[in-house]
Amino acid sequence: VQLQASGGGLVQAGGSLRLSCAASGRAFSIYVMGWFRLGPGKEREFVSAVFRSGGSTYYADSVKGRFTISRDNAKNTVYLQMNSLTPEDTAVYYCAADNRIILGQVRTPEEYHFWGKGTQVTVSS
């Protein structure tokens, strides 16, 4: 599967962005989809993940209550709605996919075998 993330940009603190990740190929619905980010001077960080049907979602504590992940299997797309953004959210955001991840692995980037190119999110203070 190939992944293409989009939707990044420059936004002021308190603003919102919605990231999209479009997947090519068949059987999108069998993939667990995740979002990770790499901020300046930081290690790659788990942001959010959604299981195959979209009914189970997971968030990093740092974004819980502000970010919402969703997926549209008919469109082969996963979304990340980001609200109340802060400068600490500044990072390159990557979407990732894998069809073998189990519940305990969703936060581990090494468990995802497919990655898209990142999209830059910059939040100004």
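Data block above holds the structure.
All of these numbers come straight from a predicted model, not from anything done at the bench. (Residues numbered from 1 in each chain as written. Predicted model: local features only at pLDDT ≥ 70, side-chain atom pairs only at ≥ 80, totals over all residues. Heavy atoms only, no water.)

Asker: Can you explain the overall build of the chain? Please cite residues and give values.
Answerer: Regarding its fold elements, the chain presents zero helices and 11 strands. The secondary structure elements of the chain, listed N-terminal to C-terminal, are β-β-β-β-β-β-β-β-β-β-β. Over its C-alpha trace the chain gives a radius of gyration of 13 Å, about what one expects of a compact globule, namely 14 Å for 125 residues. Across its three principal directions, the C-alpha atoms of the chain cover 40 × 25 × 25 Å. Taking all contacts inside the chain whose residues are at least 6 apart in sequence as the whole, residues at least 24 apart take part in 59%. Looking at the chain as shown, the accessible area adds up to about 6300 Å², and 48% of this sits on carbon and sulfur atoms. (Helix = DSSP H or I, 4+ residues; strand = E, 2+ residues; numbered from the N terminus. Rg over C-alpha atoms; globule rule 2.2 N^0.38 Å. Contact = heavy atoms within 4.5 Å. Areas by Shrake-Rupley, 256 points an atom, 1.4 Å probe, with all protein chains shown as cover.)

Asker: How would you sum up the sheet that holds strand β7 (residues 67–72)? Please name residues and give values.
Answerer: Strands sit in the order β1-β3-β8-β7 across an open sheet of four strands; the sheet is antiparallel. Either end of the sheet is taken by a strand with one partner, and the two such strands are β1 (3–6) and β7. For this sheet, the mean angle separating the axes of adjacent strands, direction not counted, is 15°. (Pairing = 2+ DSSP bridges. Axes fitted to C-alpha atoms, helices over the stretch in contact; angles between N-to-C directions.)

Asker: Any details on the pattern of salt bridges? Residues and values, ideally.
Answerer: Two side chains bearing opposite charge may form a pair once their charged atoms approach each other closely. Inspection of every chain in the model, using the stated rule, returns five salt bridges. Measuring nitrogen to oxygen at the nearest pair gives 4.0 Å for the salt bridge that ties E110 to R44. Of this pair, E110 sits in the loop between β9 (91–98) and β10 (114–115) while R44 is found in the loop between β4 (32–38) and β5 (45–50), placing the two residues 66 residues apart along the sequence. Using a relative accessible area of 56% as the deciding quantity, one classes E110 as exposed. The partner of K64 in a salt bridge is D61, and the shortest N-O contact between them spans 3.2 Å. Each member of the pair, K64 as well as D61, carries the same accessibility label: exposed. Linked through salt bridges whose partners overlap, the residues forming this network are R37, E45, R66 and D89. (Salt bridge = Lys/Arg side-chain N within 4 Å of Asp/Glu carboxyl O. Buried < 20%, exposed > 50% of the residue type's maximum accessible area, 1.4 Å probe, protein only.)

Asker: Got a sec to walk through the nonpolar core? Specific residues and values, please.
Answerer: Counting residues in hydrophobic clusters, the biggest one holds 38 residues, and the most contacted among them are M33, W35, L80, M82 and Y93. Here this core takes five residues from β9, the largest share from any one element. With residues up to four places along the chain from it excluded, the contact list for Y93 reads L19, W35, F36, R37, V47, F67, L80, M82, K117, G118, T119 and V121. (Core = buried A, V, L, I, M, F, W, Y, C linked by side-chain atoms within 4.5 Å.)

Asker: Now, about the environment of D89: what can you tell me, with residues and values included?
Answerer: You can see D89 is positioned in the loop between β8 (77–82) and β9. Judged by relative accessible area, which is 1%, D89 ranks as buried. For the pair formed by D89 and I102, sequence separation is 13 residues and the distance between their alpha carbons is 27 Å. Excluding anything up to four places from it in sequence, D89 contacts R37, R66, F67, S84, V121 and V123.

Asker: Describe the packing of aromatic side chains, listing the residues and the values that go with them.
Answerer: Inspection of the entire model under this criterion finds six aromatic pairs. Relative to Y112, the ring of F36 has its centre 5.2 Å away and its plane inclined at 80°; by these criteria the two rings are edge-to-face. Pair noted here: F36 is in strand β4 and Y112 is in the loop between β9 and β10, with a separation of 76 residues, a long-range link. Taking relative accessible area as the criterion, Y112 reaches 3% and is therefore assigned buried. Through pairs of rings, three or more aromatic residues link up here, namely F36, F46, Y112 and W115. The positively charged end of R44 is found above the aromatic ring belonging to W115, 4.8 Å away from the centroid. (Phe/Tyr/Trp six-rings, centres within 6.5 Å; stacked < 30°, edge-to-face > 60°. Lys NZ or Arg CZ within 6 Å of the ring centre and 35° of its normal.)

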